[in-house]
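So you can see what is in the structure, the chains are spelled out below.
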Amino acid sequence: MNRPTSQTVLSNTAARCDAPAAGREPTIHQRGQHEVFCGLTSIIWLHRKMQDAFFLIVGSRTCAHLMQSAAGVMIFAEPRFATAIIEERDLSGMADLHDELDAVVERLLKRRPDIKMLVLVGSCPSEVIKLDLSRAAERLNREHAPDRRVIAYSGSGIETTFTQGEDSFLATLVDECPVAEADAAPSLVVAGSLADVVEDQFSRIFQALGIENVAFLPTRRSDRLPAIGPNTRFLLAQPFLNEAAKKLERRGATHIPALFPLGEEGTTAWLKAASDAFGVDPARFEAVTAPGRERARKALESYAETLSGKRIFFFPDSQLEPALARFLSREAGMGLTEIGSPYLHRRHLAAELDLLPEDVVLSEGQDVERQIDRCHEADPDLIVCGLGLANPFEAEGYATKWSIELVFTPIQGYEQAGDLAELFARPLRRRAALKVEV
Ligand code: SF4
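Residues numbered from 1 in each chain as written. Predicted model: local features only at pLDDT ≥ 70, side-chain atom pairs only at ≥ 80, totals over all residues.

**Focus on the site of the ligand**
Using the following cut-off: For each residue, a C-beta position is placed from the backbone atoms; the residue is near a molecule or strand when that point lies within 6 Å of it. For the purposes of this entry, the term helix denotes a DSSP run of H or I that reaches at least four residues, the term strand denotes a run of E that reaches at least two, and both are numbered from the N terminus. Only Asp, Glu, Lys and Arg are considered charged in this grouping, and only Ala, Val, Leu, Ile, Met, Phe, Trp, Tyr, Cys and Pro are considered nonpolar; every other residue, Gly among them, is considered polar.
Every residue near the ligand is listed here: C38, L40, G59, S60, T62, C63, L66, S123, C124, G155, S156 and G157. Looking at the shell around the ligand element by element, the count peaks at three residues for helix α2 (residues 61–71). For the shell around the ligand, a count of residues per class yields five nonpolar, seven polar and no charged.

**So, the sheet that holds strand β6 (residues 187–191)**
The condition is simple: Strands pair, by our definition, only if DSSP identifies at least two bridges between them.
One open sheet holds the four strands; their spatial order is β7-β6-β8-β9, and the pairing between them is parallel. Across the chains shown, the open sheet's two edge strands, defined by having one partner strand only, are β7 (214–217) and β9 (254–255). Of the strand pairs in this sheet, β6 and β7 are connected by four bridges, and their pairing is parallel. Paired with L188 across the strands is V214, a residue of β7.

**Regarding unusual backbone geometry**
A cis amide bond links A145 with the next residue in sequence, P146, at an omega value of 5°. Mapping P146 onto the fold places it in the loop between α6 (133–144) and β5 (149–154). Following L217, the chain continues to P218 via a peptide bond in cis, the omega torsion being 10°. Along the polypeptide, P218 turns up in the loop between β7 and β8 (232–236). Even without glycine at this site, K130 takes up a positive phi of about 55°. Tracing the backbone through its elements, the reader meets K130 in the loop between α5 (124–128) and α6.

**Observations regarding the confidence of the model for the protein chain**
Fine structural detail should not be taken from predicted coordinates in areas where pLDDT scores are low. What counts here: Values of pLDDT, ranging from 0 to 100, describe the predictor's confidence in every residue of the model. Note that contacts rest on C-beta atoms placed from the backbone: two residues are in contact if these are within 7 Å.
For the protein chain, per-residue confidence averages 89 on the pLDDT scale, and 89% of positions sit at 70 or higher. Here residues 2–22 scores under 50 on pLDDT; set against residues more than four positions off or in separate chains, the count is 61 contacts.

This is how it looks when you write it as structure tokens:
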């Protein structure tokens, strides 16, 4: 096993629901080929959130190259993720991989005293050779705790999509959270990575609403994990947290069902659900949220001309698709053709699905060739898809939006409603300008 590769790192300056189905059923179930990034990709935003954590991918050169190209940025400072490469001699059983991993970790922790949580991330190669990273994490923990914690989860790409990486990580993180006693004060956990600026805005709103003991998961520091127990209620900030939500519920926490905080409507409904759960007076809610609602509505007005009446097609990628489609249809006046999503966690998405137009095609899973045919048939103005499909569609004259950008960019909350609309307006304006030039 090699030392962590330097080419896979980023600057640290930048910072299936098993429950009974609710909401509408998808029109199309697909079981074909996927065209999505694997769960490793989520490290690109996760490493910015937890500032004392280090993500050590145990994988192949392919994994390292994926991280380098998906990250796509220059390295200026000490990295917070890297890949320990499994070499051929490791694969052929000529080396004891646990010994090699221990040696890599030893070197890394010696060189980087700032690392307080080491996250071992499994990959396809580590799973194929059955390298048990949970066992490795337990062993390493015995050696390095309490100063450093070592945890493990899988970012493997087989039949997964990139946002599942965050779900697996958060599910593992919940196991690390302290247990809150049954008589602990009521608390709110917001689960799902949000940009720091968005987190700060929501913190101020919760404070103004009088909701106390609010924690965001992942936390910015590994030693600030919230205690979770029967008096914990949790809001999901992201729609793809199936496993993490189950882990929270197993601890006794209660899910607060809500729309996701995208756009003015989604943000208001999300905050209102929390306010109702914590008994906030409706008049106080109105007073606290009215200015933000007004700003969001104003910001969205300027996008009406570009977005209203335009038709959009979603390929399955980020799992944000139904919530984005609801926002674009109800707040930006866009027409929906097909909304594809890799998985529809119907219990968490029930409120979103209920607000989608009756005639929209909803597809779950992927069969890329057939979906490309349906997209051509629908002939939309804008296609939301992964990087692999975007270039060929652009070459055909379609405007496209990379769905992965929607996970990297701060889009939740009142102040970001205009930025969210801008992400869809920009490719349409660009395509219109190209048409004029031609
Ligand atoms: S984890 Fe699997 S899918 Fe992801 S880069 Fe590595 S080999 Fe490829």
